[in-house]
Amino acid sequence: DREKLKMKSTFSRYLGEDVIEIAIENPERLNKGEKRDMTVLFSDIRGFTTLSERMSPEALASFINEYLSPMTAIVFEEKGTLDKYIGDALMAFWNAPLDVADHPLRACRAAVKMLEKLDSLKKTWREQGLPELEIGVGVNTGPMVVGNMGSDVRVDYTVLGDAVNLGSRLEGTNKEYDTRIIISEFTYQHVKNDVVCRRLGAVRVKGKRLPVAIYELRGIGKPSASEGPVIALFEEALALFTTRKFEEAGVKFREVLQAWPTDMSTRRYLAQIETFKAQPPPNDWDGVASLTTK
């Protein structure tokens, strides 16, 4: 009984109340390392350094707590496990210690809910004269090692592996495309019939040799009557761009801008087309964007 109380206290930091009891009844799942197919989510605040410079330490701590508390509740609501807070960043994963069959979709749903909650918080902060913030979210699915890991003096229940690292890199990739949520092709294959996405292209993230197709997650369900055709038009332009048909791609991208004038991903490609007109890419160019930062 004492051991169960200890486990309950420990895992209340990571899991929602409704799944803690199940985890306690299956302590064998909390081992030193198990390889599982899982989904990981990283979220990070944009411009946190600037934000921290404008607020006192006490006000900043209160502000961040007000942000992180509902975001963590969303993770629990979608049966996810909180891994850790990394300063202003949040890391969570799905499908451990409990089996969650639809973990890719639940992680995507959590990401969308986070942005919806953020928009609500921004309204409140605006009324209180507080600064607003934006976040980026990266989601990836793949094989990961999960378990109690650490040293003799400190142990964390966490995940490791290339798939985890990719999830972190995708969060940062939002800065390149001026998007809010990016998911990998590996997550997309599981959720493509249940979410609204547009293909952004393929990237080689820092530290990885092979390219990965990435998608902007725009919502859950089906695209609206106005959104669907624009997504299709963007992806058509992208296909022309990656096959070096830059003039035709430019025409299509400009049509996208007529519908979405503020879309920075489209403007990014148009700027790249202008660069290629002045200086064509090398013969071995494969249309993949190589990212040099995290």
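As a convention, each chain's residues are numbered from 1 in the sequence order in which they are written. At least 70 in pLDDT is required for a residue's local features to be given in this predicted model, at least 80 for side-chain atom pairs to be given and counted, and no such filter applies to totals for whole chains, interfaces and linings, which use all residues. Computation of side-chain values covers all heavy atoms of the structure but excludes hydrogens and water.

Q: Would you mind showing me how to read the state of the cysteines here?
A: Count a disulfide wherever a pair of cysteine sulfur atoms falls within 2.5 Å. Summed over all chains, the structure comprises 0 disulfides. Free cysteine Cys197: the closest other cysteine sulfur is in Cys108, separated by 6.6 Å.

Q: Sorry if this is basic, but what is going on with unusual backbone geometry here?
A: What is expected of a backbone is that most residues other than glycine have negative phi and most peptide bonds are trans. Residues Ala96 and Pro97 are joined by a peptide bond in cis, for which omega reads 0°. Considering the arrangement of structural elements, one finds Pro97 in the loop between strand 3 (89-94) and helix 5 (103-127). You will see that Lys79, though not glycine, has its phi angle at about 65°, which is positive. Only runs of H or I of at least four residues qualify as helices and only runs of E of at least two qualify as strands under DSSP, and these elements are numbered from the N terminus. Its place among the elements puts Lys79 in the loop between helix 4 (57-77) and strand 2 (81-86). Each residue is placed in one exposure class: buried if its accessible area under a 1.4 Å probe, protein chains only, is under 20% of its type's maximum, exposed if it is over 50%, and partly exposed if it falls in between. On the accessibility criterion, Lys79 (32% relative accessible area) is partly exposed. Even without glycine at this site, Asp178 takes up a positive phi of about 55°. Within the fold, Asp178 resides in the loop between helix 6 (162-177) and strand 6 (181-184).

Q: Can you walk me through the packing of aromatic side chains in this structure?
A: Each pair of aromatic rings is reported with the distance of its centres and the angle of its planes. Ring pairs shown here join Phe, Tyr and Trp side chains whose ring centres sit within 6.5 Å, with only the six-membered ring taken for Trp; geometry is labelled stacked below 30 degrees between planes, edge-to-face above 60, and tilted in between. Under the criterion given, the structure shown has 12 aromatic pairs. Seen in terms of ring centroids, Phe234 and Phe253 are 5.5 Å apart; in terms of plane orientation they differ by 65°. Their pairing is edge-to-face. Here Phe253 lies in helix 9 (residues 246-259) and Phe234 lies in helix 8 (residues 227-242), a separation of 19 residues in the sequence. Like Phe253, Phe234 is buried. Each member of the aromatic cluster is reached from another via a ring pair, and the members are Phe234, Phe241, Phe246, Phe253, Tyr269, Phe276 and Trp285.

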